[in-house]
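A structural walkthrough
Residue-level listing of the chains:
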Amino acid sequence: MAKVLLLNGSPHKHGCVATALDEMIRVFDAEGVETELIQVGSAAIRGCAACGYCGKHGKCVFDDLVNETAPKFEAADGLVLGSPVYYASPNGTLLSFMDRLFYSTSFSKHMKVGAAVVSCRRGGNTASFDALNKYFTISGMPVASSTYWNQIHGFTAEDARRDLEGLQTMRNLARNMTFLMKAIQDAGERYGMPQVERGAFTSFTDGKRDAE
Ligand SMILES: Cc1cc2nc3c(=O)[nH]c(=O)nc-3n(C[C@H](O)[C@H](O)[C@H](O)COP(=O)(O)O)c2cc1C
């Protein structure tokens with residue numbers, strides 16, 4: 001059975017982002033996909049300190065929800081990021097969480113399916129959507145898409161429930177994501193997963209890191 005982890009970056013447990021994620025969860029349930037929703041936005045999550053602790057110890061130096069989530073992410077076949085739009089970007093709590101989750105974990109995220117969902121009252125949705133998708137596309141994670149950019153509009157959950165096209169987008173997204181996860185699983189068994197080449201790490205540091 002495929003498993004999806006959903007992160008709600010909003011501080012509102014029952015707000016617009018939650019409404020969008022709930023719509024997806026209903027489809028996942030019907031499709032037999034296991035889900036777990038993590039309420040990231042209510043936690044006090046600080047940003048990455050770039051201390052390098054994770055490189056040596058395999059986990060973040062700040063032992064909070066990020067380290068708790070890491071093994072759940074490792075076990076998942078798909079990850080959904082839900083964020084409210086704050087000043088035309090994903091909200092700060094989710095970004096801090098994601099920087100630390102992706103930077104501090106060394107397990108392969110390759111071929112886990114990603115999907116980003118954003119909610120705004122008015123504007124800034126596609127810029128936020130782009131920012132979230134970048135966590136996936138730097139990590140070898142195929143991105144699930146839908147019948148529109150994955151957004152819902154509203155200031156309150158009640159508004160979001162009236163965004164019928166937004167809700168439809170969420171249902172189609174969950175269906176496409178389910179299909180992708182199953183297809184990747186089948187193809188992996190049939191053809192094997194694609195090879196990942198590593199080693200080259202070109203950043204022209206010229207010893208600057210040593211001098212830090
Ligand atoms: C600090 C802050 C900044 C916001 N910036 C924007 C914005 O740039 N564009 C917009 O349309 N809505 C903005 N909003 C409104 C929220 O994005 C919108 O109400 C969202 O749907 C709330 O989702 P939630 O109920 O899941 O928290 C902002 C809200 C807050 C609190």
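Shown above is the structure to which this text applies.
Residues numbered from 1 in each chain as written. Predicted model: local features only at pLDDT ≥ 70, side-chain atom pairs only at ≥ 80, totals over all residues. Heavy atoms only, no water.

Secondary structure summary: the protein chain contains eight helices and six strands in total. The order of helices and strands in the protein chain, counted from the N terminus, is β-α-β-α-α-β-β-α-β-α-β-α-α-α. A compact globule built from 212 residues should have a C-alpha radius of gyration of about 17 Å, and the protein chain, at 18 Å, falls within 12% of that. The C-alpha extent of the protein chain, read off along each of the three principal axes, is 55 × 45 × 30 Å. Each of the 212 residues in the protein chain was classed as buried or not, and the buried ones make up 44%. Long-range contacts, defined as pairs at least 24 residues apart, comprise 77% of the intrachain contacts of the protein chain with a sequence gap of at least 6. Carbon and sulfur atoms form 51% of the exposed surface of the protein chain, whose accessible area is close to 11700 Å². Charge-centre separation for the protein chain: the mean point of 22 positive side chains lies 2 Å from the mean point of 23 negative side chains. (Helix = DSSP H or I, 4+ residues; strand = E, 2+ residues; numbered from the N terminus. Rg over C-alpha atoms; globule rule 2.2 N^0.38 Å. Buried < 20%, exposed > 50% of the residue type's maximum accessible area, 1.4 Å probe, protein only. Contact = heavy atoms within 4.5 Å. Areas by Shrake-Rupley, 256 points an atom, 1.4 Å probe, with all protein chains shown as cover. Lys, Arg positive; Asp, Glu negative; His and termini not counted. Charge placed at Lys NZ, Arg CZ, Asp CG, Glu CD.)

What follows covers the packing of aromatic side chains. A full pass over the atoms with the stated rule returns four aromatic pairs. Aromatic side chains Tyr 148 and Trp 149 sit 5.4 Å apart centroid to centroid with 70° between the ring planes, which places their arrangement in the edge-to-face category. Among the aromatic residues, ring-to-ring pairing joins Phe 73, Phe 102, Phe 107 and Tyr 135 into one connected group. In this arrangement the basic side chain of Lys 109 is found over the ring face of Phe 102, its NZ or CZ atom lying 5.6 Å from the centre. (Phe/Tyr/Trp six-rings, centres within 6.5 Å; stacked < 30°, edge-to-face > 60°. Lys NZ or Arg CZ within 6 Å of the ring centre and 35° of its normal.)

What follows concerns the nonpolar core. Grouped together as the largest cluster of nonpolar side chains are 27 residues, with contacts concentrated most on Leu 7, Leu 79, Phe 97 and Met 98. Looking at this core, the elements with two or more residues in it are β1 (3-8), α3 (65-75), β3 (78-86), α4 (92-104), β5 (113-120) and α5 (125-137). At five residues, α4 tops the list of elements feeding residues into this core. Here Leu 7 is in contact with Leu 21, Ile 38, Val 40, Thr 69, Leu 79, Val 80, Leu 81, Gly 82, Leu 94, Phe 97 and Met 98, once residues within four sequence places are set aside. Judged by nonpolar contacts, the second largest core, of 26 residues, contains Ala 2, Ala 20, Leu 167 and Ile 184. (Core = buried A, V, L, I, M, F, W, Y, C linked by side-chain atoms within 4.5 Å.)

Bringing the pattern of salt bridges into the picture now. Should the charged atoms of two oppositely charged side chains come close, the side chains can pair. Counted under the stated rule, the structure contains five salt bridges. Notably, a salt bridge pairs Glu 23 with Arg 26, separated by 2.8 Å at the nearest N-O pair. Highlighted residues: Glu 23 and Arg 26, both in helix α1 (residues 16-31), separated by three residues, approximately one helical turn. Of the charged contacts in the structure, one is a salt bridge between Glu 36 and Lys 72, with a shortest N-O distance of 2.8 Å. With a gap of 36 residues between them, Glu 36 in strand β2 (residues 34-39) and Lys 72 in helix α3 connect regions that are remote in the sequence. (Salt bridge = Lys/Arg side-chain N within 4 Å of Asp/Glu carboxyl O.)

As a further point, take the side chain of Asn 67. One can find Asn 67 in helix α3. Here the side chain of Asn 67 touches Asp 63 through a polar contact of 2.9 Å, side chain to side chain. Ignoring any residue separated from it by four or fewer positions in sequence, one finds Asn 67 in contact with Lys 59, Cys 60 and Phe 62. (Polar contact = N/O pair within 3.5 Å; in protein donor to acceptor, adjacent residues only side chain to side chain.)

Close contact between α3 and α4 brings their axes to 10 Å; oriented N to C, the two are set at 55°. Regarding the angle of α3 to α4, the classification is oblique. Note on packing geometry: the crossing formed by α3 with α4 is right-handed. Side by side, α3 and α4 meet where Leu 65, Val 66, Thr 69, Ala 70 and Phe 73 of the first sit next to Phe 97, Arg 100, Leu 101, Phe 102 and Ser 104 of the second. When grouped by side-chain class, the residues that make up the contact of α3 with α4 number seven nonpolar, two polar and one charged. (Axes fitted to C-alpha atoms, helices over the stretch in contact; angles between N-to-C directions. Parallel < 35°, antiparallel > 145°, perpendicular 65-115°, else oblique. Left-handed = near helix turned anticlockwise from the far one by under 90°. Nonpolar A, V, L, I, M, F, W, Y, C, P; charged D, E, K, R; others polar.)

Spatial relationships are all this shows, so hold off on functional conclusions.
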